[in-house]
Amino acid sequence: MSFTLHGLGVSGGIAIGQAQLLSHATLEVAHLTLPGRQLEKEVARFEAAVDRVRNELDELRNEMAESAAEMRAFIDVHALILQDPELVDIPKTLIRERGCNAEWALVQQMDYLVKQFDAIDDPYLRERKADVVQVVERVIKELMGRTGKIGKTSKSAKGVKEEEQIIVAHDLPPSDLISFKEHRFAAFVTDVGGATSHTAILARSMAIPAVVGLRGAREAIRDGELLIVDGFRGVIIVNPDERVLEEYRLRKTQIELERSKLKRLKKADPLTLDDVRVDLMANIELPDDVQAVKENGADGVGLFRTEFLFLNRREIPSEDEQFEAYRKVVKGMAGKPVVIRTYDLGADKALDQARSATNPALGLRGIRLSLSEPAMFGVQLRAILRAARSGPVRILIPMISNALEVEATRAALDKAREDLKDRRVAYGEDIQLGGMIEIPAAALALNMFLKRLDFLSIGTNDLTQYTLAIDRGDEEVAGLYDSLHPAVLMLIAHTLAGGEKAGVPVSICGELAGNPKLTRLLLGMGLRHFSMHPSQILEVKQQVLTADVGQLAPMVRKLLRLDDPAQIREQIRRLNLPADHSAH
Ligand code: PEP
Ligand code: MG
């Protein structure tokens, strides 16, 4: 039967392929009721999985160097949890008495234990909840016979090329998407997520269509079913009939044709009709993204989200490993500038779930976390300084909200230089330091930063989230998330004007910068430095080439005085009309 689901299109394009269902270990286990004769077998399967995890933990502990005392203690805690009858005996009772499958029995018991932890006052003990969850995840992965989540083809997908597989999941946390990047799936769709969630950002950076917030898609779609994903309209069509399929095949071919035509613009200088030079830089997450940056003729890397190097692993990357990663990017860009953002961990990109705060987006994230972990921050700063010998590097601080953070970062940079000097390790001089304007306070108290920093970059994703108090990853409020809200536009305009007056360059590296429908608006607001996913550069360049800043500026000034979102949208539509129509 053919049916359609509506969600939020977060990465444009059309994909046609077969559904590959992914599960998150603890969230989505099957709920089965087993016949009595199978129950002892199920108990044995559970026991075998627990044994395998015990052995795995033993092995890990033995492999660990004596010096890694903290990690050993961590593994010991997990091994202890795995001996607790609450976790290893009660699920067996649930299997025997209620006929549950092993995964479900374990998750039920985990949920029960987690609730008990929540009621504990002692924060240390409360944090052990995350250890319980991690141990349960390990056992469930064993039960499911999987060690890695992404990339294992399910039965139905056997024989189907990756390029024809569409990932269907409840959620794809950023850490999973890293492994996703090594693959070439056709598209992905998820039950949850908002337009600027990091999963959406990664989909755009991989230039594959994605629809999120499809509530219930994971339940409604079966493995191997034929899907059409329309990332423009935020629609997926399950089991389409031949007529619809033909229509979409045609659209897909047209889009591919238009994309290949755009390639001709790769070498064109990004100049407006009235000769205003614009910088079109690229956002990257991993060193290998440099290839796409070059293929699209970017003017440099405007945002390297280094935190992605830290996800999906047990230890933080060493100074040498980080140095190699940064140097690869700097060398790859062959003299073009590279803006390295210090790791923006925390919130949805947490290193350690055990630390999750009550309100992580307002908690220890970005520069706050870095300054609270001077040793880890020092490792990164030294690695960046060393890489700066290979080309022009700028450092960007995420989530700044006060001057002390800038001063503390400068002090940490001085210390990193001293440490390298002591070790007689060479490093690059003259590194510019910039800050992200993504908290309304930073935009409002702009002078605080204009005085202290060499450049600014507006993170419109977080700026929108914090200005409107709308979680950027929550599909329930996704309809209210609006980067064109007059309040957000005011803060952007204020920051651009302040930067211009003080002679401090300001860029935008949030998702707004890569939307070709907003290029003229941003040009008219005075933006000259854009940073976006490599795959968006040519489309934005096409807009730059046909824009006349002299004509746009007065129109945009008027637009910024409007306070009605519908009128703002209408005026933006007018800005995008060909030059001689728009003036009227
Ligand atoms: C932003 O907030 O706009 C931004 C560019 O940073 P990130 O999306 O990584 O939070
Ligand atoms: Mg941000």
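Treat the numbers as computed from the prediction; the structure is a model and nothing was measured.

**Brief notes about the overall build of the chain**
Scanning the chain from N- to C-terminus turns up 24 helices and 16 strands. Put simply, the chain has 584 residues, and 54% of those count as buried. Taking all contacts inside the chain whose residues are at least 6 apart in sequence as the whole, residues at least 24 apart take part in 69%. Carbon and sulfur atoms make up 51% of the accessible area of the chain, which totals about 26,600 Å².

**A few points about the coordination of the magnesium ion (ligand 2)**
Bound to the magnesium ion (ligand 2) are the protein donor atoms E438 (OE) and D462 (OD), situated 2.0 to 2.2 Å from the metal. Linking E438 in the loop between β13 (432–437) and α16 (440–444) with D462 in helix α18 (residues 460–468), this pair joins segments that are 24 residues apart in sequence. What makes E438 buried here is its relative accessible area of 2%.

**Details of helix α1 (residues 39–63)**
For α1, built from 25 residues, the straight-helix expectation of 36 Å at 1.5 Å per residue is met to within 8% by its first-to-last C-alpha distance of 36 Å. If you check which residues of α1 are buried, you get L39, E42, V43, F46, A49, V50, V53, L57 and L60.

**With respect to the environment of Q20**
Secondary-structure assignment places Q20 in strand β3 (residues 14–21). By relative accessible area, which is 1% here, Q20 ends up buried.

**A short note on the sheet that holds strand β12 (residues 393–397)**
Strand order in the closed barrel formed by eight strands is β9-β10-β11-β12-β13-β14-β15-β16, and the pairing between neighbours is parallel. Each adjacent strand pair in this sheet contributes to an overall mean axis angle of 25°, direction not counted. Strands β9 (279–284) and β16 (529–532) of the sheet are contacted by helix α21 (residues 537–545), whose axis makes an angle of about 160° with β9.

**Examining the pairing of β12**
Extensive coverage of β12 is indicated by the burial of four of its five residues. For strand β11 (residues 338–341) and β12, the ladder comprises four bridges, and the chain directions are parallel. From the neighbouring strand, V339 faces β12, where its bridge partner is R394. Pairing of β12 with β13, which is carried by four bridges, proceeds in the parallel orientation. Each residue of the ladder has a partner; that of R394, found in β13, is Q432. Of the crossover connections in this fold, the one passing from β12 over helix α15 (residues 403–422) to the parallel β13 is right-handed.

**Description of the pattern of salt bridges**
By the definition in use, this model includes 40 salt bridges. The partner of D288 in a salt bridge is K328, and the shortest N-O contact between them spans 2.7 Å. Taken together, the residues D288 in the loop between β9 and α11 (290–295) and K328 in helix α12 (residues 319–332) connect sequence positions 40 residues apart. By relative accessible area, K328 is classed as partly exposed at 46%.

**Focus on the sheet that holds strand β1 (residues 3–6)**
The strand order across the open sheet built from eight strands is β1-β8-β7-β3-β4-β5-β6-β2, with neighbouring strands paired in mixed fashion. With partners counted over all chains shown, the strands left at the sheet margins are β1 and β2 (8–11), one partner each. Taking each pair of neighbouring strands and ignoring which way they run, the sheet shows an average axis angle of 30°. Across five bridges, the pairing between β3 and strand β7 (residues 226–230) is antiparallel. Looking at β7, one finds that G17 is bridged to L227.

**Concerning the packing of helix α4 (residues 90–98) against helix α5 (residues 102–118)**
Their axes nearest at 8 Å, the elements α4 and α5 cross at an angle of 125°. Considered as vectors, α4 and α5 are oriented oblique to each other. Of the two elements, α4 crosses α5, and the hand of that crossing is right-handed. Facing α4, whose interface residues are I90, P91, L94, I95 and R98, α5 presents A102, A105, L106, Q108 and Q109. Here the residues of the contact of α4 with α5 sort into seven nonpolar, two polar and one charged.

**Details of the pairing of β3**
Across the eight residues that make up β3, a large majority, seven, are buried. With four bridges joining them, β3 and strand β4 (residues 165–169) adopt parallel strand pairing. Residue pairing for β4: Q18 is matched across the bridge by Q165.

**Quick notes on the nonpolar core**
Ranked by internal contacts, the top residues of the largest apolar core, which has 92 residues, are Y326, L456, I492, L521, M525 and F530. One finds I75, A105, L113 and V132 within the second-largest nonpolar core, a separate group that totals 32 residues.

**Concerning empty space enclosed by the protein**
Gaps left between atoms are located by rolling a probe of water-molecule size over the structure's atoms. Following the criterion strictly, the structure yields three cavities of 30 Å³ or more and no others. If you add up the space inside the largest cavity, you get close to 70 Å³. For the largest cavity, the lining is made up of 14 residues, of which R305, R341, E438, N461 and D462 are closest to its centre. Of all the elements in the fold, those that place two or more residues in the lining of the largest cavity are β10 (301–305) and α18. Looking at side-chain class alone, the lining of the largest cavity contains three nonpolar, four polar and seven charged residues.

**Quick notes on the packing of aromatic side chains**
Here the structure, examined in full by the defined rule, presents three aromatic pairs. A centroid spacing of 4.9 Å and a plane angle of 50° characterise the contact between F310 and Y343, whose relative ring orientation is tilted. Taken as a pair, F310 in the loop between β10 and α12 and Y343 in the loop between β11 and α13 (367–372) lie far apart in primary sequence, 33 residues in all. Taken as a pair, F310 and Y343 share a single burial class, namely buried. A ring pair is formed by Y343 and F377, whose centres lie 6.2 Å apart and whose planes are at 85°; its orientation type is edge-to-face. Pair noted here: Y343 is in the loop between β11 and α13 and F377 is in helix α14 (residues 374–387), with a separation of 34 residues, a long-range link. Overall, F377 belongs to the buried group, its relative accessible area being 2%.

**What to know about the site of ligand 1**
Near ligand 1 lie 17 residues; those nearest to it are R305, R341, G459, N461 and R472. T460 has a polar backbone atom sitting 3.1 Å from an oxygen atom of ligand 1. R472 is positioned with one of its side-chain polar atoms (N or O) 2.7 Å from an oxygen atom of ligand 1. Protein chains bury 100% of the 290 Å² of accessible surface belonging to ligand 1 in isolation. According to the grid-proximity analysis, the pocket containing ligand 1 is the largest cavity. Among the secondary structure elements, those contributing two or more residues to the shell around ligand 1 are α8 (198–205), β10 and α18. In terms of residues, the shell around ligand 1 owes the most to one element, α18, which gives three residues. Along the lines of polarity and charge, the residues of the shell around ligand 1 split into four nonpolar, five polar and eight charged.

What counts and how
Residues numbered from 1 in each chain as written. Chains lettered and ligands numbered in written order. Predicted model: local features only at pLDDT ≥ 70, side-chain atom pairs only at ≥ 80, totals over all residues. Heavy atoms only, no water. Helix = DSSP H or I, 4+ residues; strand = E, 2+ residues; numbered from the N terminus. Buried < 20%, exposed > 50% of the residue type's maximum accessible area, 1.4 Å probe, protein only. Contact = heavy atoms within 4.5 Å. Areas by Shrake-Rupley, 256 points an atom, 1.4 Å probe, with all protein chains shown as cover. Donors = N, O, S within 2.8 Å, 3.2 Å for Na, K, Ca; no water. Expected span 1.5 Å × (residues − 1). Pairing = 2+ DSSP bridges. Axes fitted to C-alpha atoms, helices over the stretch in contact; angles between N-to-C directions. Right-handed = clockwise from strand over helix to strand, strands pointing away. Salt bridge = Lys/Arg side-chain N within 4 Å of Asp/Glu carboxyl O. Parallel < 35°, antiparallel > 145°, perpendicular 65-115°, else oblique. Left-handed = near helix turned anticlockwise from the far one by under 90°. Nonpolar A, V, L, I, M, F, W, Y, C, P; charged D, E, K, R; others polar. Core = buried A, V, L, I, M, F, W, Y, C linked by side-chain atoms within 4.5 Å. 1 Å grid on protein atoms, 1.4 Å probe; cavity = no way out; pocket = protein on both sides within 12 Å on 5 of 7 lines; lining within 4 Å. Points joined across faces, edges and corners; volume = space filled by probe spheres on them. Phe/Tyr/Trp six-rings, centres within 6.5 Å; stacked < 30°, edge-to-face > 60°. Near = heavy atom within 4 Å. Polar contact = N/O pair within 3.5 Å; in protein donor to acceptor, adjacent residues only side chain to side chain. Sits in = over half its atoms within 2 Å of the grid points.

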